[in-house]
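Here is what each chain is made of, one letter per residue.
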Amino acid sequence: MKAILTVIGKDNVGIIAGVSKQLADLQVNILDVSQTIMNGYFTMIMILDLSASQEKFAGIKKTLADKGAVLNVQIKIQREELFTSMHSI
Amino acid sequence: METNQVLETIRMIEEEKLDIRTITMGISLLDCIDSDGEKARQKIYDKITRLAKDLVQTGKDIETEFGIPIIHKRISVTPIALIAGASGDEDYTAYAKVLDRAAKETGVNFIGGFSALVQKGYTTGDHRLIQSIPQALAETERVCSSVNVGSTKAGINMDAVAEMGRIVKQTAERTAAEQGLGCAKLVVFANAVEDNPFMAGAFHGVGEGGCILNVGVSGPGVVKRALEKVRGQSFDVVSDTIKKIAFKITRMGQLVGHEASKRLGIPFGIVDLSLAPTPAVGDSVAHILEEIGLDSAGTHGTTAALALLNDAVKKGGVMACSHVGGLSGAFIPVSEDAGMIHAVEAGTLNLQKLEAMTAVCSVGLDMIAIPGDTPAETISAMIADEAAIGVVNNKTTAVRVIPAPGKKVGDTVTFGGLLGHAPVMAVSSSSASAFVARGGRIPAPIHSFKN
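Because the structure is a prediction, the values reported are computed rather than measured. (Residues numbered from 1 in each chain as written. Chains lettered and ligands numbered in written order. Predicted model: local features only at pLDDT ≥ 70, side-chain atom pairs only at ≥ 80, totals over all residues. Heavy atoms only, no water.)

**A few points about the pairing of strand 9 (residues 364-371) of chain B**
Residue and element names in this part refer to chain B.
Alright, step 1. Where burial is concerned, most of strand 9 is hidden: eight out of the eight residues are buried.
Alright, step 2. Relative to strand 10 (residues 397-404), strand 9 is paired through seven bridges, and the arrangement is parallel. For Asp366, the partnering residue across the bridge sits in strand 10 and is Arg400. (Buried < 20%, exposed > 50% of the residue type's maximum accessible area, 1.4 Å probe, protein only. Helix = DSSP H or I, 4+ residues; strand = E, 2+ residues; numbered from the N terminus. Pairing = 2+ DSSP bridges.)

See below:
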C-alpha cells in the first residue's frame with residue numbers, strides 16, 4: 001500500500017533525520033521525497049510504501065504523529081489514492 | 001504527485017471542512033415481511049444488525065487511512081408501511097422501536113425508512129404507519145420518518161397533505177419537552193427518491209437491490225474558499241470554478257464509497273452530489289451565495305445565484321463518479337446553516353423567499369421553526385405549495401418544519417449538534433382551511449406545451 005506523508009512546521013535541525021529514522025524503524029520504504037520552505041514553514045512530502053511494515057496503518061499513523069510532537073512539526077499520513085483520485089481524471 | 005496538489009487536498013480537509021457527510025447502507029426488508037408482527041420485527045432486527053454490524057467500524061477505518069472525516073454512518077430501510085402492512089398490527093410504533101434498537105446496536109446515529117409512499121392513494125398499512133408517526137418519533141431517538149405525498153406522474157394526494165399537517169402538529173406536541181424535536185426527523189416529500197443517503201428523508205426504495213452503499217458528500221466551505229479567489233469576475237468564471245471544485249469533492253465521495261462497499265462486501269450505489277451545510281462557521285451554503293455577490297442570503301438575486309450554484313455542482317460532479325443519484329443539489333436548511341440563520345435574524349430571508357429558492361435547488365422548506373400555534377391546515381397548505389413546485393418542475397421537494405410548542409415569532413429553538421438552532425419564522429395568518437378541507441387529488445400536471 002502506498003501512502004503520502006506530509007510534514008509541516010517550523011524549520012529546525014533534524015526533522016528529516018528524525019522522520020526517516022522513524023520510518024526505517026517501522027520498515028516503511030521511502031519512494032520519493034520533496035522538501036521546501038513554503039511561507040516560512042518547513043514542508044516535506046514523501047511517497048511511502050507500507051507493504052513491508054508489520055505495523056497496521058493506524059499504528060504507523062499514531063507513531064508518526066507522536067514523533068511529530070517530539071520534533072515540533074505536524075506529521076500526517078494518508079493513503080495515496082485520496083490525492084490521485086482528486087487531482088487526476 | 002505535485003506538492004501544491006497534496007497541500008490543496010490537506011487544506012480542503014483541515015481548513016475548509018471538506019468531509020464525507022454520510023455513508024448510508026440501504027437494506028431491503030422485503031424478506032422480513034410476516035403476518036405475525038413479532039416475527040417480522042425479529043427478522044428486521046436480525047437482518048439489520050447482521051448486515052450493518054461492521055458499518056461504523058469500516059467508516060472509522062477509512063477515516064484513519066485516508067484522513068478524510070466521515071461524519072455520519074447511517075442506515076436506510078424499505079418503507080416500513082410495506083413491511084408492517086402484512087401484519088395485523090394496528091399501531092406500528094413497535095416497528096420504530098425495533099429500528100431504534102438496531103440503530104443503537106450497530107452504532108449508527110440515524111436510521112431512515114419509517115415511511116409511507118402515498119402519492120396516489122393509501123393502503124391500510126400506509127394509514128396505520130402515518131397515524132403511528134407522532135408516537136413512534138416520541139418514543140425513539142434515532143428513527144427518521146418520511147411520507148411521499150405527490151409525484152409528477154401521480155399528482156398530489158391532498159388527503160395525505162391534509163393529514164400530514166395534523167401529524168406534524170401532533171409530532172411537535174408529543175416532543176414538546178424537546179421543543180418539537182420529533183419534527184426534525186419527519187420529512188413530507190414530493191417526488192421522493194429511492195437512493196437518498198441523507199436524513200431525515202432516506203429510505204431504501206423497492207427498486208433497489210438487497211443491500212447497497214450510498215454516499216453523500218459535502219463541502220460548502222471548499223466552494224466558498226474557491227470563489228473568494230475569483231471575486232469580481234464574470235459568472236462564466238464563477239460557474240467554472242464551482243464545477244472544478246465539485247469535481248474534486250465528488251472524486252473523494254466516489255473513492256470512499258467504493259472503498260467502503262469493497263470492505264463491506266456490498267455493491268456501491270450512488271454518490272449524492274449535495275452541498276450539505278452544518279451550523280459550524282465556514283460550512284454554509286448561504287455564505288456561498290453571499291460570496292457570489294449578495295449582501296445577505298434572501299435578497300433579490302438569491303434565486304439566480306442558487307440556481308447557478310446548484311447546476312454547476314451537478315455539472316462538475318457528474319463526470320467525477322460512475323453513478324450519481326439521491327437528491328443531488330444544494331441543501332438550504334435554515335437551522336443547520338450559520339449564514340441562513342443570520343439572514344433570517346437580520347430580516348433579509350423569509351419563508352416566501354425560501355419557497356422560491358426551493359424551485360431551483362434541493363430540497364425544500366427544511367428545518368424551519370414556525371410558531372407553535374400555527375394551525376395544522378396552514379402547515380398542510382405549505383406542504384401543498386412545496387409539493388406543487390416539485391410535481392410541476394419534475395424535481396424532489398420536501399417540507400420539514402417544526403411548529404415549536406409555545407414559541408412565537410422572534411423566539412429561537414435550539415436543537416443542538418448538527419441540527420443547530422432556528423429562529424421562529426412568521427407564517428401567513430390568513431387561513432387555508434377551506435382549501436385543505438377539500439381533499440381528493442390534484443391531478444398530475446401536463447408535460448407538454450411548456451411555457
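**Some words on the nonpolar core**
Alright, step 1. Of all hydrophobic cores here, the largest spans 137 residues; its most connected members are Ile48, Phe114, Ile133, Met164 and Leu309 of chain B.
Alright, step 2. When residues in this core are grouped by element, the largest group, ten residues, is from helix 9 (residues 235-264) of chain B.
Alright, step 3. Setting aside residues up to four positions removed in sequence, Phe114 of chain B forms contacts with Ile80, Tyr92, Tyr95, Ala96, Leu129, Ser132, Ile133, Ala136, Val143, Cys144, Ser145 and Ser146 of chain B.
Alright, step 4. Core analysis: the next-biggest nonpolar cluster, separate from the first, contains 20 residues, Leu5, Phe57, Leu64 and Val73 of chain A among them. (Core = buried A, V, L, I, M, F, W, Y, C linked by side-chain atoms within 4.5 Å. Contact = heavy atoms within 4.5 Å.)

**Some remarks on the pattern of salt bridges**
All names here are of chain B.
Alright, step 1. Tallied over the full model, the rule gives 33 salt bridges over all chains.
Alright, step 2. For Glu336, the salt bridge identified is with Arg400, shortest N-O distance 3.6 Å. On the criterion of sequence distance, the pair formed by Glu336 in the loop between helix 11 (302-320) and helix 12 (338-345) and Arg400 in strand 10 is long-range, its members being 64 residues apart. Each member of the pair, Glu336 as well as Arg400, carries the same accessibility label: buried.
Alright, step 3. For Asp366, the salt bridge goes to Arg400, with nearest N and O atoms at 2.7 Å. (Salt bridge = Lys/Arg side-chain N within 4 Å of Asp/Glu carboxyl O.)

**A short note on helix 7 (residues 158-174) of chain B**
All names here are of chain B.
Alright, step 1. Given a rise of 1.5 Å per residue, 17 residues ought to cover 24 Å, and the 24 Å separating the end C-alpha atoms of helix 7 matches this to within 8%.
Alright, step 2. Of all the 17 residues making up helix 7, twelve are buried; the element is thus mostly covered by neighbouring parts of the structure.
Alright, step 3. Measuring from the backbone nitrogen of Asp159 back to the side-chain oxygen at the start of helix 7 gives 3.1 Å, which picks out Asn157 as the cap. (Expected span 1.5 Å × (residues − 1). Polar contact = N/O pair within 3.5 Å; in protein donor to acceptor, adjacent residues only side chain to side chain.)

**Some details on the confidence of the model for chain B**
Alright, step 1. Mean pLDDT over chain B: 94, with 100% of residues reaching 70 or higher.
Alright, step 2. Confidence estimates for the predicted assembly give a pTM of 0.93 and an ipTM of 0.90. (pLDDT = per-residue confidence, 0-100.)

**Thoughts on the environment of Val70 of chain A**
Alright, step 1. Following the sequence through the fold, Val70 of chain A ends up in helix 2 (residues 57-71).
Alright, step 2. Overall, the relative accessible area of 65% leaves Val70 of chain A in the exposed class.

**With respect to the sheet that holds strand 2 (residues 29-38) of chain A**
All names here are of chain A.
Alright, step 1. Reading across from one edge, 2-3-1-4 is the order of the four strands in this open sheet, with antiparallel pairing throughout. The open sheet has two free edges, formed respectively by strand 2 and strand 4 (73-79), since each of these has just one partner strand. Along the sheet, successive strands turn relative to each other by an average axial angle of 15 degrees, direction set aside.
Alright, step 2. Examined bridge by bridge, strand 1 (residues 2-10) and strand 3 (residues 41-49) share nine bridges and lie antiparallel to one another. Bridge pairing links Thr6 to Ile45 in strand 3.
Alright, step 3. Along the sheet, helix 3 (residues 80-87) makes contact with strand 1, strand 3 and strand 4, crossing strand 4 at roughly 75 degrees. (Axes fitted to C-alpha atoms, helices over the stretch in contact; angles between N-to-C directions.)

**Looking at a nonpolar patch on the surface**
Alright, step 1. On the surface, Leu30, Ile33, Leu82 and Val206 of chain B cluster together to form a nonpolar patch covering roughly 300 Å² of accessible area.
Alright, step 2. Within the secondary structure, Val206 of chain B sits in the loop between strand 6 (186-190) and strand 7 (211-217). (Patch = residues over 30% accessible without salt bridge, like charges linked within 9 Å, V, L, I, M, F, W, Y side chains within 5 Å. Areas by Shrake-Rupley, 256 points an atom, 1.4 Å probe, with all protein chains shown as cover.)

**Some words on the interface of chain B and chain A**
A common way to express how large an interface is: the accessible area buried when the components associate.
Alright, step 1. The interface of chain B with chain A comprises 26 residues on the first partner and 25 residues on the second.
Alright, step 2. Between chain B and chain A lies a buried interface of about 2200 Å² when both sides are counted; carbon and sulfur atoms form 70% of it.
Alright, step 3. Joining chain B to chain A, the criterion identifies three salt bridges.
Alright, step 4. With a shortest N-O distance of 3.7 Å, Arg79 of chain A and Glu259 of chain B are connected by a salt bridge.
Alright, step 5. Secondary structure elements with two or more residues in the side of chain B that touches chain A: helix 1 (3-14), helix 3 (55-66) and helix 9 of chain B.
Alright, step 6. The dominant element in the side of chain B that touches chain A, judged by the number of residues it contributes, is helix 1 of chain B, at ten residues.
Alright, step 7. Across the side of chain B that touches chain A, the residue classes tally to 13 nonpolar, five polar and eight charged. (Buried area = accessible area lost by both parts, 1.4 Å probe. Nonpolar A, V, L, I, M, F, W, Y, C, P; charged D, E, K, R; others polar.)

**Looking at the side chain of Ser261 of chain B**
Alright, step 1. Its location among the elements puts Ser261 of chain B in helix 9.
Alright, step 2. When neighbours within four sequence positions are excluded, Ser261 of chain B is seen to be in contact with Leu213, Ile266, Pro267 and Phe268 of chain B.

**A word on the side chain of Arg41 of chain B**
Residues and elements named next belong to chain B.
Alright, step 1. Here Arg41 is to be found in helix 2 (residues 37-51).
Alright, step 2. Overall, Arg41 belongs to the buried group, its relative accessible area being 11%.
Alright, step 3. Only 3.1 Å separates the side chain of Arg41 from the side chain of Glu38, close enough to count as a polar contact.
Alright, step 4. Look past the residues within four positions of Arg41 in its chain and what remains in contact with it is Asp89, Ala94, Tyr95 and Val98.

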